[in-house]
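Residues per chain are reported as follows:
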Amino acid sequence: LAGIERNWGYLTASREATAFSLWILLGFLGIYLTALRLGATRRNSMQLMHALALSGLVLTAMFAFKFAGHPISFGPTGPNALFHIGLPLNSNHSAGVFTFLSITALGNCLSKRHKDTFSRRLLWFMLYLVFGVLVFMLKSRGAILAWFLGQACFGIIAFAIRKQLKKGQLIFLGIGTVA
């Protein structure tokens, strides 16, 4: 059996870390499936978008305090703080979250599905700008590349919808863009 043989190598030096990472990936799969299920109806998808925007704004506020040099703490500051609200993610991970939120906000800004008013579209556009600026402020090369690729994929999808391309043409166009 695979993995039992004596000469079988491990992906990492720590089996426990690998198992922990797999649990995290399963958690992400659960989040994805939940979001997919919630996005099935218009009402639930709007609640999901509002929750994403709110979580992005909370993370933005935490970064504003961090950049200002005032971390949020209760009790004494420093290592003796009774309760410290900090950023659980490093800057690369946070930039990835802001990349996702930025592209989601752009999609909500340009969506014709919900027939939003101008003020709501303007709000989504402002969120798109704030999250996009934060991606660049965090200086994560991978997140910046992902942001540009996300914009390119978004443009390809918008172009395909406008020109009513077939699936094969869309796949060819997507592969050509990524290459």
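Residues numbered from 1 in each chain as written. Predicted model: local features only at pLDDT ≥ 70, side-chain atom pairs only at ≥ 80, totals over all residues. Heavy atoms only, no water.

Visitor: Help me get a handle on the packing of aromatic side chains, residues and values and all.
Guide: With the rule as written, the count across this model stands at six aromatic pairs. Summarising the aromatic geometry, the rings of Phe 136 and Phe 148 are spaced 5.8 Å apart at their centres and angled 75° between planes, so their arrangement reads as edge-to-face. Residue Phe 136 is found in helix 4 (residues 118–137), and its partner Phe 148 is found in helix 5 (residues 141–163); the two are separated by 12 residues along the sequence. The exposure class assigned to Phe 136 is partly exposed, which follows from its relative accessible area of 35%. Their ring planes at 75° and their centres at 5.2 Å tell us that Trp 147 and Phe 148 sit as a pair that is edge-to-face. Within the aromatic cluster, the residues linked to one another by ring pairs are Phe 125, Tyr 128, Phe 136, Trp 147 and Phe 148. (Phe/Tyr/Trp six-rings, centres within 6.5 Å; stacked < 30°, edge-to-face > 60°. Helix = DSSP H or I, 4+ residues; strand = E, 2+ residues; numbered from the N terminus. Buried < 20%, exposed > 50% of the residue type's maximum accessible area, 1.4 Å probe, protein only.)

Visitor: Outline the packing of helix 4 against helix 5, listing residues and values.
Guide: At a minimum axis distance of 9 Å, the contact between helix 4 and helix 5 shows a crossing angle of 140°. By crossing handedness, the relation of helix 4 to helix 5 is classed as left-handed. Contacts between helix 4 and helix 5 pair Tyr 128, Gly 132, Val 135 and Phe 136 from the former with Ala 143, Ile 144, Trp 147, Phe 148 and Gln 151 from the latter. When the residues that make up the contact of helix 4 with helix 5 are grouped by side-chain class, the tally is seven nonpolar, two polar and no charged. (Axes fitted to C-alpha atoms, helices over the stretch in contact; angles between N-to-C directions. Left-handed = near helix turned anticlockwise from the far one by under 90°. Contact = heavy atoms within 4.5 Å. Nonpolar A, V, L, I, M, F, W, Y, C, P; charged D, E, K, R; others polar.)

Visitor: Please give an account of the packing of helix 3 (residues 91–110) against helix 4 that cites residues and values.
Guide: Where helix 3 contacts helix 4, the axes come no closer than 8 Å and their chain directions differ by 155°. Comparing their axes, helix 4 and helix 3 come out roughly antiparallel. Taken as a pair, helix 3 and helix 4 cross one another with a handedness that is left-handed. Across the interface between the two elements, Ala 95, Phe 98, Thr 99, Leu 101, Ser 102, Ala 105, Leu 106, Asn 108, Cys 109 and Leu 110 of helix 3 pack against Arg 121, Trp 124, Phe 125, Leu 127, Tyr 128, Phe 131, Gly 132, Leu 134 and Val 135 of helix 4. Split by residue class, the contact of helix 3 with helix 4 holds 14 nonpolar, four polar and one charged. (Parallel < 35°, antiparallel > 145°, perpendicular 65-115°, else oblique.)

Visitor: Outline the side chain of Gln 151, supporting the account with residue identities and numerical values.
Guide: Residue placement: Gln 151 occurs in helix 5. Those residues in contact with Gln 151, other than ones at most four positions away along the chain, are Ile 103, Leu 106 and Tyr 128.

Visitor: Now, about the confidence of the model for the chain: what can you tell me, with residues and values included?
Guide: On average, the chain scores 75 in pLDDT, and the residues at 70 or more come to 71%. Within the chain, strand 2 (residues 83–85) has the poorest average pLDDT of any element, 56, and helix 4 the best, 88. (pLDDT = per-residue confidence, 0-100.)

Visitor: Report on unusual backbone geometry, specifying residues and quantitative values.
Guide: Unusually for a residue other than glycine, Lys 139 sits at a positive phi of about 55°. Looking at where Lys 139 falls in the secondary structure, it is placed in the loop between helix 4 and helix 5.

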